[in-house]
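Now for the letters of each chain:
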Amino acid sequence: MVWSRHALVLLCGMGLACGPDGEQAPDTDSEGETESEESGSTGNTNPTTTNSTVGTSSATGTTSTTGPAPTTTTGPDPDTATSDPPPPETDTGECPYGTEGCLCDVGAACDEGLDCNDEGICVAPPACEPIDTDPHGDEASAISLDPLDCGMGGDLGLVGTVAGPETDWYSFVGNEAFGCPEQPGAAVVAADPLEVCVFLECTNGGDVDPLDCAAGSTDATSPDGRPGCCGDGAAMVEGYDCTGFGGKDVDVWISVGSDQQICADYELSYGY
């Protein structure tokens with residue numbers, strides 16, 4: 001382009017297009033194209049800095065992430081997760097089956113110490129009131145009964161109460177008779193099952209030997225070591241003998257008892 005001198009002076013006065021000493025500034029079009037080409041070949045010349053974080057570089061005003069995407073955990077932290085506590089027990093207001101004042105099957109067992117009555121309710125049994133108040137819970141304290149001769153017996157009627165578990169004791173003397181089969185025995189009548197036993201001791205100081213138990217009775221030995229027979233509701237010695245001299249007279253001990261928690265009145269009869 002050819003500029004007139006007048007135009008150059010005007011531009012120089014404006015501070016444009018003047019070189020040193022008022023000379024015309026070089027043509028910038030071609031230089032601008034050259035600079036543009038060089039700029040396009042070199043790209044952005046701003047300094048680039050690299051962060052210490054792996055996979056991230058930053059230039060002036062620009063941040064980019066080139067590393068792997070972060071991992072997201074959706075499940076519970078095993079170090080902090082806790083199981084939910086069980087729900088509290090609630091009172092439904094129902095009467096627990098088999099407990100006092102609550103339902104039961106007639107004849108079935110309620111909780112220990114309770115009875116199932118005819119209405120199907122568990123109730124506490126009435127307090128036991130024994131009709132025999134004198135203590136006779138062992139052989140030493142046995143209640144003495146009238147002596148019996150061979151072939152005799154006695155019916156005492158209602159005489160005692162077993163407030164189980166316990167055992168009542170009685171004793172009597174049995175006198176032998178020539179040609180008579182001495183058979184000491186006892187029996188009870190009660191609302192609950194009771195065990196009855198008879199034990200012998202020869203009055204002459206000899207041993208009871210032999211000793212045979214009647215049907216329904218089994219061999220037994222008393223707490224004090226006397227031989228005898230026991231049975232359910234009744235017991236009888238079918239035959240016995242005493243060693244040594246002095247005949248077959250014997251002291252007889254009768255026991256009536258139960259190892260169950262009961263309260264049973266009983267009638268007692270005995271014989272020789």
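Up top is the structure.
As a starting point, this report considers the structure included with it. Worth saying up front: this structure is predicted, and the values here are computed from it rather than measured.

## Overview of the nonpolar core
Phase 1 of the analysis: Core analysis: the biggest nonpolar cluster contains 31 residues, and Phe-172, Leu-200, Tyr-240, Val-250, Ile-254, Val-256 and Tyr-266 have the highest contact counts within it.
Phase 2 of the analysis: Mapped by element, the contributors of at least two residues to this core are strand 9 (166–175), strand 10 (185–190), strand 11 (195–202), strand 12 (208–213), strand 15 (234–242), strand 16 (250–258) and strand 17 (263–271).
Phase 3 of the analysis: Not counting chain neighbours up to four residues away, the residues in contact with Val-256 comprise Val-162, Glu-166, Thr-167, Asp-168, Val-188, Leu-194, Glu-195, Tyr-266 and Leu-268.
Phase 4 of the analysis: Ala-142, Cys-197, Phe-199 and Trp-253 belong to the second largest nonpolar core, which has six residues in total.

## Focus on a negative patch on the surface
Phase 1 of the analysis: The grouping of Glu-176, Asp-207, Asp-209 and Asp-241 at the surface amounts to a negative patch.
Phase 2 of the analysis: Within the secondary structure, Asp-209 sits in strand 12.

## A look at the pattern of salt bridges
Phase 1 of the analysis: As enumerated under the stated definition, the model contains four salt bridges in all.
Phase 2 of the analysis: A salt bridge links Arg-226 to Glu-201, with the shortest nitrogen-to-oxygen separation between them at 2.7 Å. Here Arg-226, found in the loop between strand 13 (218–221) and strand 14 (227–232), pairs with Glu-201, found in strand 11; they are 25 residues apart in sequence, far enough to count as distant.
Phase 3 of the analysis: For the salt bridge of Arg-226 with Asp-224, the shortest nitrogen-to-oxygen distance reads 3.7 Å.
Phase 4 of the analysis: Relative accessible area serves as the criterion here: at 15%, Arg-226 is assigned to the buried category.
Phase 5 of the analysis: Residue classification places Asp-224 among the exposed positions, given a relative accessible area of 52%.
Phase 6 of the analysis: Overlapping salt bridges bring together Glu-139, Glu-201, Asp-224 and Arg-226 as one network.

Rules behind the numbers
- Residues numbered from 1 in each chain as written.
- Predicted model: local features only at pLDDT ≥ 70, side-chain atom pairs only at ≥ 80, totals over all residues.
- Heavy atoms only, no water.
- Core = buried A, V, L, I, M, F, W, Y, C linked by side-chain atoms within 4.5 Å.
- Buried < 20%, exposed > 50% of the residue type's maximum accessible area, 1.4 Å probe, protein only.
- Helix = DSSP H or I, 4+ residues; strand = E, 2+ residues; numbered from the N terminus.
- Contact = heavy atoms within 4.5 Å.
- Patch = residues over 30% accessible without salt bridge, like charges linked within 9 Å, V, L, I, M, F, W, Y side chains within 5 Å.
- Areas by Shrake-Rupley, 256 points an atom, 1.4 Å probe, with all protein chains shown as cover.
- Salt bridge = Lys/Arg side-chain N within 4 Å of Asp/Glu carboxyl O.
- Lys, Arg positive; Asp, Glu negative; His and termini not counted.
- Charge placed at Lys NZ, Arg CZ, Asp CG, Glu CD.

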